[in-house]
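Coordinates in review
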Amino acid sequence: MLVHERKEVQKMSPKARYRGISWHIRTKKWRAKITKEYRDIHLGNFTDPVEAALVRDAAERIVRGADAVLNFPKTPSSFEHRAFARGRIEASGKKHAKK
């Protein structure tokens, strides 16, 4: 890939404004993740970056509690976001425990 081609790809890909959110080119969706004990925990792919950020915030609150660094510090996590994030975190723990 030439240098100018790489720049074109960067121009075309959206840039997340939220912590822990990135654009996944293949699925064309926003990907949310957090890091726990030096491991990335994939929280899911979302069509809306704000929804991805809210799920990431819920997971961050679960993992880090009062030390959480949030995208929306004044917005409390909804029950749905917390339940979804908790399920992903627990599933990740089981997956790593098998290794």
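Residues numbered from 1 in each chain as written. Predicted model: local features only at pLDDT ≥ 70, side-chain atom pairs only at ≥ 80, totals over all residues. Heavy atoms only, no water.

**Re the overall build of the protein chain**
The helix and strand inventory of the protein chain stands at 3 helices and 3 strands. Counting all 99 residues of the protein chain, 25% fall into the buried class. Of the contacts made within the protein chain by residues no fewer than 6 positions apart, 35% connect residues no fewer than 24 positions apart. A total of about 7200 Å² of accessible surface is found on the protein chain, and carbon and sulfur atoms cover 54% of it. (Helix = DSSP H or I, 4+ residues; strand = E, 2+ residues; numbered from the N terminus. Buried < 20%, exposed > 50% of the residue type's maximum accessible area, 1.4 Å probe, protein only. Contact = heavy atoms within 4.5 Å. Areas by Shrake-Rupley, 256 points an atom, 1.4 Å probe, with all protein chains shown as cover.)

**Regarding the confidence of the model for the protein chain**
Residues with a pLDDT of 70 or more make up 78% of the protein chain, whose mean pLDDT is 82. In this model residues 1–13 is a low-confidence stretch, pLDDT under 50, and it forms 2 contacts with partners more than four residues away in sequence or in other chains. (pLDDT = per-residue confidence, 0-100.)

**Remarks on the nonpolar core**
Counting 15 residues, the largest nonpolar core has Ile21, Ala32, Ile34, Leu43, Ala52 and Ala59 as the members making the most contacts within it. Contributing elements (two or more residues each) for this core: strand S2 (29–36), strand S3 (39–46), helix H2 (49–64) and helix H3 (79–97). In terms of residues, this core owes the most to one element, H2, which gives 5 residues. If we ignore the near neighbours within four places in the chain, the residues touching leucine 43 are Ala32, Lys33, Ile34, Val55, Arg56, Ala59, Phe84 and Arg88. (Core = buried A, V, L, I, M, F, W, Y, C linked by side-chain atoms within 4.5 Å.)

**Considering the side chain of histidine 81**
Summarising the element assignment, histidine 81 is placed in helix H3. Every residue in contact with histidine 81, bar those within four places of it in the chain, is listed here: Glu51, Leu54, Val55 and Ala58.

**Focus: the environment of lysine 28**
Along the chain, lysine 28 turns up in the loop between strand S1 (21–24) and S2. With 18 residues separating them in the primary sequence, lysine 28 and phenylalanine 46 have C-alpha atoms 9.1 Å apart.

**Section: the side chain of asparagine 71**
Within the element layout of this structure, asparagine 71 appears in the loop between H2 and H3. With relative accessibility at 18%, the residue asparagine 71 sits in the buried group. For asparagine 71, the side chain forms a polar contact with the main-chain nitrogen of arginine 19, separated by 2.6 Å. (Polar contact = N/O pair within 3.5 Å; in protein donor to acceptor, adjacent residues only side chain to side chain.)

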